[in-house]
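Each chain, written out:
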Amino acid sequence: MDFFVILLSTVLVNNFVLAQFLGLCPFMGVSNKLESAIGMSAATTFVLTLASICTYMVNTWVLNPLGLSFLRTVSFILVIAAVVQFAKMFIEKTSPLLYRVLGVFLPLITVNCAVLGAALQNTNKAHTFSQSALYGFGAALGFSLVLVLFSAMRERLAAADVPVPFKGAAVGMITAGLMSLAFMGFAGLV
Amino acid sequence: MAFIRVSSPHTRSANTTSGVMAQVLLATIPGLAALTAFFGPGSLINVALACALAVGFEAGILWLRKRPVMFYLRDLSALVTAVLLGLALPPYCPWWVVVVGIFFAIVVAKHLYGGLGYNPFNPAMVGYVVLLISFPLEMTQWATPAGALADGQSLPGIGDALAKVFAGVPLDGYASATALETLQQRGGQTVADLYSSAPIFASGRWAGNGWEWVNLAFLAGGVYLLYKKVFTWHAPVAMLTALGVLAILFYDNGSSNSAGSPVFHWLSGATMLGAFFIVTDPVTSAVSTKGRLIYGAAIGVLVFVIRTWGNYPDAVAFAVLLMNFAAPFIDYYTVPRTYGHSKAPRSTAKRGK
């Protein structure tokens, strides 16, 4: 039941993008096309889950025993960068097309604040190993959900007769704001 | 002898935009009448104020966008948005609540996206959700239905109502919890106990005094629109079915944990207004038949989930916005099979280049 609560909380109620406003740059940047959004979601899910696990291990078995918790942020960024590099090589070998589509946004997962956010929240909430992994996975699921839905909507918006000053990212931001309002309806579910 | 020669098509289509919008406006009359009969003239004031403001905002923004003003005003879509928002707002809410709601509905939700036909979110529901989040106090003070008023009290007259809306003169004991709020905050009573003790249920028949008839009136308007073929049955039926099935599953025989019976969920809150006037919006819903079934059912599920376990007593507006967000994605994966092909095309397959 605890796992269900974590998943529900991270995917819907405290959605990383629409409730905590983390990971907004890939949310606006890679949402122009549905295929690239799906690829980005898969890559981010992979990185977020793995990074949550790795940062948990680093925090529990290296930083805490050595009393180096003041190095937490720096070492987390290092771990995340390594995981992203791993994911990059993995995608480059398995799907060169997706690698080209994602382009610069793949290395940018390193600075996706959702990844660091999930890792830091895991330590703040004193999650156990399995809880940390699930928290990262749930955060990635929530990110993927809104990114994929948003990209399908933006393909439709591209054809809309939007007033010139609001074309492109501006109307995207307004849409994200309205979505954020709608996600407030989930308040209280957990 | 002159023969009038007409070329095909020979069926006359009555489905112009303004014709459809006029039918929808006509179909809201029973609901508005029921609201007025049970809650006093508050909803009438809301609707009248909202209509005037909507026409004003629409004309202003069309002028700003350098579009033909009269041409777009004549399609009546702004009036439909205004009436739906006016019906959804609590009666006797302050006038500025209506102003803010109509501004967000017409200007932000509709014209920033390009006007009628381009808006991804239902404008009336955007206005409602913005208001509910921004002004929770004003938005949760619902009027007491006529039958549940205390002895010696009566529904406000038109003069008192106008004074409340425009000058903030308080009305005596007009506000009380809605049926959904009463059920949500019943504190461990069984459903049968609640129905006999709470005034709103005790004076009602199935789902709270007033509410049940308001919903039945909206149902009647919806059936009229179905008969006139303004929309297909798929989305509303899917929504009501999903809501009913979940209500049966969690009815729990009316115990203290019960989430309310299916009849209660169908006939309370904005269920019927949502099912027949909001969910059926052709612009913001999914397009294909299968898509509409999924879209409607998902709204039903979300309404039940948020009503039962969420903070908000009613959830139609949230559920509709959430599924508006998902509608383009649903369309992507429910492209119908075209004649002559054995498989439906995957709309993603041909894109990308």
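Above this text sits the structure in question.
Everything numeric in this text was worked out from a predicted model, so none of it was measured. (Residues numbered from 1 in each chain as written. Chains lettered and ligands numbered in written order. Predicted model: local features only at pLDDT ≥ 70, side-chain atom pairs only at ≥ 80, totals over all residues. Heavy atoms only, no water.)

Draft legend 1. Here's a closer look at the packing of aromatic side chains. Residue and element names in this part refer to chain A. Overall, the coordinates contain 22 aromatic pairs over all chains when judged by the stated rule. A ring pair is formed by tyrosine 56 and phenylalanine 129, whose centres lie 5.6 Å apart and whose planes are at 65 degrees; its orientation type is edge-to-face. Here the residue tyrosine 56 occupies a position in helix H3 (residues 34–66), and phenylalanine 129 occupies one in helix H7 (residues 129–157), the gap between them amounting to 73 residues. A residue is classified by how much of its surface remains accessible, and phenylalanine 129, at 38% relative accessible area, is partly exposed. Between the aromatic rings of phenylalanine 183 and phenylalanine 186, the centroid separation amounts to 5.4 Å while the plane-to-plane angle is 75 degrees, which identifies the pairing as edge-to-face. (Phe/Tyr/Trp six-rings, centres within 6.5 Å; stacked < 30°, edge-to-face > 60°. Helix = DSSP H or I, 4+ residues; strand = E, 2+ residues; numbered from the N terminus. Buried < 20%, exposed > 50% of the residue type's maximum accessible area, 1.4 Å probe, protein only.)

Draft legend 2. Region of the structure containing the pattern of salt bridges. Counted under the stated rule, the structure contains five salt bridges over all chains. Here Asp161(A) ties to Arg65(B) by a salt bridge, and the two come within 3.4 Å at their closest N and O atoms. In this pair, Asp161(A) is assigned in the loop between H7 and helix H8 (169–183) and Arg65(B) in the loop between helix H3 (42–64) and helix H4 (69–73), connecting two distinct chains. Here Arg307(B) makes a salt bridge to Asp314(B), at a shortest N to O gap of 2.9 Å. Here Asp314(B) falls in the partly exposed class, since its relative accessible area comes to 21%. Bridged by salt links that share partners, the residues Asp161(A), Arg65(B) and Arg67(B) form one connected network. (Salt bridge = Lys/Arg side-chain N within 4 Å of Asp/Glu carboxyl O.)

Draft legend 3. Geometry of the interface of chain B and chain A. Taken together, the 36 residues of chain B in the interface contact 32 residues of chain A. Summing both sides of the interface, chain B and chain A together bury roughly 3,000 Å²; the carbon and sulfur share of this comes to 74%. It is Leu112(B), Tyr113(B) and Phe325(B) that lose the most area in chain B upon contact with chain A, and together they represent 25% of the buried surface on that side. For the interface between chain B and chain A, the tally reads three salt bridges. Inspection of the chain B/chain A interface yields six residue pairs in polar contact (both at pLDDT 80 or more). For the side of chain B that touches chain A, the secondary-structure elements that each account for two or more residues are helix H6 (95–111), helix H7 (123–134), helix H17 (289–309) and helix H18 (316–333) of chain B. With 11 residues, the single largest contributor to the side of chain B that touches chain A is H18(B). (Contact = heavy atoms within 4.5 Å. Buried area = accessible area lost by both parts, 1.4 Å probe. Polar contact = N/O pair within 3.5 Å; in protein donor to acceptor, adjacent residues only side chain to side chain.)

Draft legend 4. Up close: helix H1 (residues 17–27) of chain B. Residue and element names in this part refer to chain B. Within H1 the residues assigned to the buried category are Met21, Val24 and Ala27. Burial along H1 is one-sided: seen end-on, the buried residues are contained in an arc of 120 degrees. On the buried face of H1, the contacting elements are helix H2 (29–39), helix H5 (77–88), helix H13 (211–227) and helix H16 (271–278). (Arc of directions from axis to C-beta.)

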